[in-house]
Every structure is written in C-alpha cells, then in structure tokens.
Amino acid sequence: MSKCAFWGFSTMTHNSILKLAEDIKSMRIRGAAEIGRAAVEGFETMAISSKAEDTESYMKELDSVYAILLNTRPTAVSLANALRYVRHRVTKASRSGMDVDELKAITIRAAQDFKRSSVDAVRKISEIGAKRIRNGDLIMTHCNSSVAISILAEAKKNGKEFSVLATETRPRFQGRLTAKELSSHGIPVTLIIDSAARHFMPKVDKVVVGADVVTSNGAVVNKIGTSQIALAAKEARVRVFVGAETYKFSPSTVLGELVEIEERPADEVLPKRAQEDLKGVKVANPAFDVTPAELIDAIITERGIIPPQASILVLMEEFGWSIGGEEIMKTIVEEDV
C-alpha cells in the first residue's frame, strides 16, 4: 500500500479501513447489498475519527478511503455506486465552500442515508417479488442473494406454500448459507450440486436470483453459473426473475464499458497441496458470469418490475439523464472526479 493511501489517518483508522477492505476482498463480507453498505461505513469511520483541520486535508482522506475500498471487488458495482453516492455529495459540498466540520457531518449523513435506502429497497423488492410466487411452486435459486432470500421469505410470510432448490454454488458454497436461511423461515429446501441444475429444471416453476451488476442493455452479472441456469431455464420454458436494487445498475456500461469479471484465487478451487500434485495445471476461478437480457424474463427493482431491455430507462431516471450523450458522459465523469 502506498504512503498516500494513509493520508492523515490515525493508526486506529488505518487498521479499521484496511480490515474492512480485507474483509470485503476475502469475502468475509459478501453479497452485493452487504458490500455496498459496509463500504459506506468505511466513510463513516473515517469521518468520525478524522483529525483533518481543513477541507483540503479532509478531501484527501476521503479520496484515500475511496481508492482503498474501490479496488477490493472489481465487479461489484454496488460497491462503486455506494462509494460514489457518498463521495459525490461530499465533493459537491466541498466545492460549495463548506468547512471541514460540515463535510464530516455530510459524510456521515450520506452514508447513513445510503444504508437506509439500501435496506428499504430490499424490503420493497421483497414485497413486489413475493407476489410472483404461487402456492405449489418449485423455485430454483443460486448463490447467497439477500434480495432473492427476502423475496422468498416474504412470500412465506404471506402464507404461500412452496419449496426451493438451492445450488451449492461452488467453489465457496454460498448456497449452503442460502439453504440454511430459507430453512430458518420454514421453507422446504433441497440443496443440489451446481451441475444438477439442468437435470432438475423441467420440474422447476421459476428461477429467482440476485444480481451484482445490471448493464444498460439488460444483461445481468451475477455469481458464476447463473448464465448456465438461465440457459437451462430458457430451454425448459421456465421464467427467470432477477432481484436488483437500482444502485446495482451500472452507468459506465451506457458508454460501452465492459464489466470487469473478478478472478478469485486458485486455492478456492484447488488447495495448495493439491496444486503441487498438479504442477503445470492452471486453475481459472472467475467469480461471476454474464447472463444476456434475452435469457431474463423480468428484473424486480424497488420501483417495480421491468423487462431487462428497460434497464437504460432506469439509469436515465436514476441519474437524471436526457437522451443527449454529452450529458451522460458529463455525469459519469463528474462522479469519478
């Protein structure tokens, strides 16, 4: 870590921010929504403990935290958008001439506002999505999405009787967490290996998954294996629903930017001792894949259910864009200043 990354921090803040970054990177904090909320808490920690006496020093601290946390999970747009949500508001306040104490207060308030809106978005999505679940349904889900779990838990709370097939989600087995959480809500769950998804798909009524990124053309970036499940669902004429808060929609994809797919460590797939026995064998461990819009029936957001092709309209509303490309470019550039 370069020295500039520690601009003006106390030792305690250094350690706290670096621990948070490591927890996100190592997936001790997992799930797109949880990552976003945790990231803005880093800004809160910084603001509360900051000893900066002028706005320039404070903004350098803010930018340091931003850089440290932004690089932890390259695919998770929820992380980037959460950090930008806070940073944009503090930067705007700084340019308007507010003093350092006011900037600290704005940082804390913006972080808390984001966390509140994030939790509220999941609640609204669960209420909307639960209406799509019917008595007797067999639902397939993948990975450990708080949004997907909330939809299913809300449906159960509303008296719906259904069962779930949860994939293990290798190599880190997040599906086991999903199975445990759903079972705690009284929902019958069967845990299956990932490669059995197509085998079971003809019996499935709906697929419900979350998302890490939604692109401007409606493609969804989610845990590796999602696209194969969606493909099997298309073949079996099973509807695929994606739950996604609007802050997971990626503005940079409007300009043709590709979503970076995170490559995880090889030892998640193959322990180091086993790697020694397979010298010369490479291990590929992409964390996510891209499911094209044509394999998705609907995206459930806190603003309602949309066809994936309407994702660009969500982005335009979220960022206040008009059709003009120059305005879109200006917004994205300003967010990254």
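Residues numbered from 1 in each chain as written. Predicted model: local features only at pLDDT ≥ 70, side-chain atom pairs only at ≥ 80, totals over all residues. Heavy atoms only, no water.

K.L.:
Would you mind going over the packing of helix H3 (residues 55-70) against helix H4 (residues 77-95) with me for this structure?
P.N.:
The relative placement of two packed helices is expressed as an angle between their axes plus a distance between the axes. Running from N to C, H3 and H4 point in directions that differ by 170°, and their axes come no closer than 11 Å. In terms of their interaxial angle, H3 and H4 are classed as roughly antiparallel. In this structure, H3 uses Tyr58, Met59, Leu62, Asp63, Tyr66, Leu69 and Leu70 to contact H4, whose residues at the interface are Leu79, Ala80, Leu83, Arg84, Arg87, Val90, Thr91 and Ser94. Looking at side-chain class alone, the contact of H3 with H4 contains ten nonpolar, two polar and three charged residues. (Axes fitted to C-alpha atoms, helices over the stretch in contact; angles between N-to-C directions. Helix = DSSP H or I, 4+ residues; strand = E, 2+ residues; numbered from the N terminus. Parallel < 35°, antiparallel > 145°, perpendicular 65-115°, else oblique. Contact = heavy atoms within 4.5 Å. Nonpolar A, V, L, I, M, F, W, Y, C, P; charged D, E, K, R; others polar.)

K.L.:
In this structure, what is going on with the nonpolar core? I would like to understand it.
P.N.:
Soluble globular proteins tend to pack their nonpolar side chains together in the buried interior. Phe43, Tyr58, Leu83, Val86 and Val90 are the most contacted members of the largest nonpolar core, which has 34 residues in total. Broken down by secondary-structure element, the contributors of at least two residues to this core are helix H1 (11-25), helix H2 (32-49), H3, H4 and helix H5 (100-130). The element that contributes the greatest number of residues to this core is H2, accounting for eight residues. Beyond its immediate stretch of four places on either side in the chain, Tyr58 contacts Met46, Ala47, Ser50, Ala52, Val90, Val100, Leu103, Lys104 and Thr107. Counting residues in each nonpolar core, the second largest holds 29 residues, with Ile229, Leu295, Ala310 and Leu315 among its members. (Core = buried A, V, L, I, M, F, W, Y, C linked by side-chain atoms within 4.5 Å. Buried < 20%, exposed > 50% of the residue type's maximum accessible area, 1.4 Å probe, protein only.)

K.L.:
I would appreciate a short explanation of unusual backbone geometry in the present structure.
P.N.:
What you tend to see is this: most non-glycine residues have negative phi, and most peptide bonds are trans. Between Arg170 and the following residue, Pro171, the backbone shows a cis peptide bond with an omega angle of 10°. Inspection of the secondary structure puts Pro171 in the loop between strand S2 (163-167) and helix H7 (174-184). Positive phi, close to 65°, is recorded for Thr169, a residue that is not glycine. By the secondary structure assignment, Thr169 is in the loop between S2 and H7. You will see that Phe173, though not glycine, has its phi angle at about 60°, which is positive. One can find Phe173 in the loop between S2 and H7. With relative accessibility at 24%, the residue Phe173 sits in the partly exposed group.

K.L.:
Got a minute to help me understand the sheet that holds strand S4 (residues 206-209) in this structure?
P.N.:
By definition, the strands of a sheet pair up through backbone hydrogen bonds, in either a parallel or an antiparallel sense. Taken in spatial order, the seven strands of this open sheet run S3-S2-S1-S4-S7-S9-S10, and their pairing is mixed. Of all the strands in the sheet, the pair left with one neighbour each is strand S3 (189-192) and strand S10 (304-306). Shown here is a sheet whose adjacent strand axes are inclined to one another by a mean of 25°, direction ignored. Where strand S7 (residues 239-243) meets strand S9 (residues 298-301), three bridges bridge the pair, whose relative direction is parallel. Residue Phe241 lies in a different strand from S9, and its bridge partner there is Ala298. (Pairing = 2+ DSSP bridges.)

K.L.:
It is not clear to me how the pairing of strand S1 (residues 138-141) should be interpreted in this structure. Could you clarify?
P.N.:
Working note: regular strand, side chains alternate between the two faces of the sheet. Residues Leu138 and Met140 line one face of S1 and the alternating positions Ile139 and Thr141 line the opposite face, and both faces are buried. Note: S1 against S2, four bridges, orientation parallel. Within S2, the residue paired with Leu138 across the bridge is Ser163. A crossover connection joins S1 to the parallel S2 through helix H6 (residues 146-157); in handedness this β-α-β unit is right-handed. Two elements, S1 and S4, share two bridges in a ladder whose sense is parallel. For Met140, the partnering residue across the bridge sits in S4 and is Val207. (Right-handed = clockwise from strand over helix to strand, strands pointing away.)

K.L.:
Whenever I open this one, the pattern of salt bridges confuses me. Can you help?
P.N.:
Close approach of charged atoms lets side chains of opposite charge pair. Summed over all chains, the structure comprises 21 salt bridges. Notably, a salt bridge pairs Lys115 with Glu44, separated by 2.6 Å at the nearest N-O pair. Highlighted residues: Lys115 in helix H5 and Glu44 in helix H2, separated in sequence by 71 residues. Glu44 matches Lys115 in its accessibility class, with the two residues each being buried. One salt bridge connects Asp63 with Arg87, and the closest N-O pair in it is separated by 3.2 Å. Residue Asp63 is found in helix H3, and its partner Arg87 is found in helix H4; the two are separated by 24 residues along the sequence. Several salt bridges converge on common partners, so that one network encompasses Arg73, Arg172, Glu262, Arg264 and Glu268. (Salt bridge = Lys/Arg side-chain N within 4 Å of Asp/Glu carboxyl O.)

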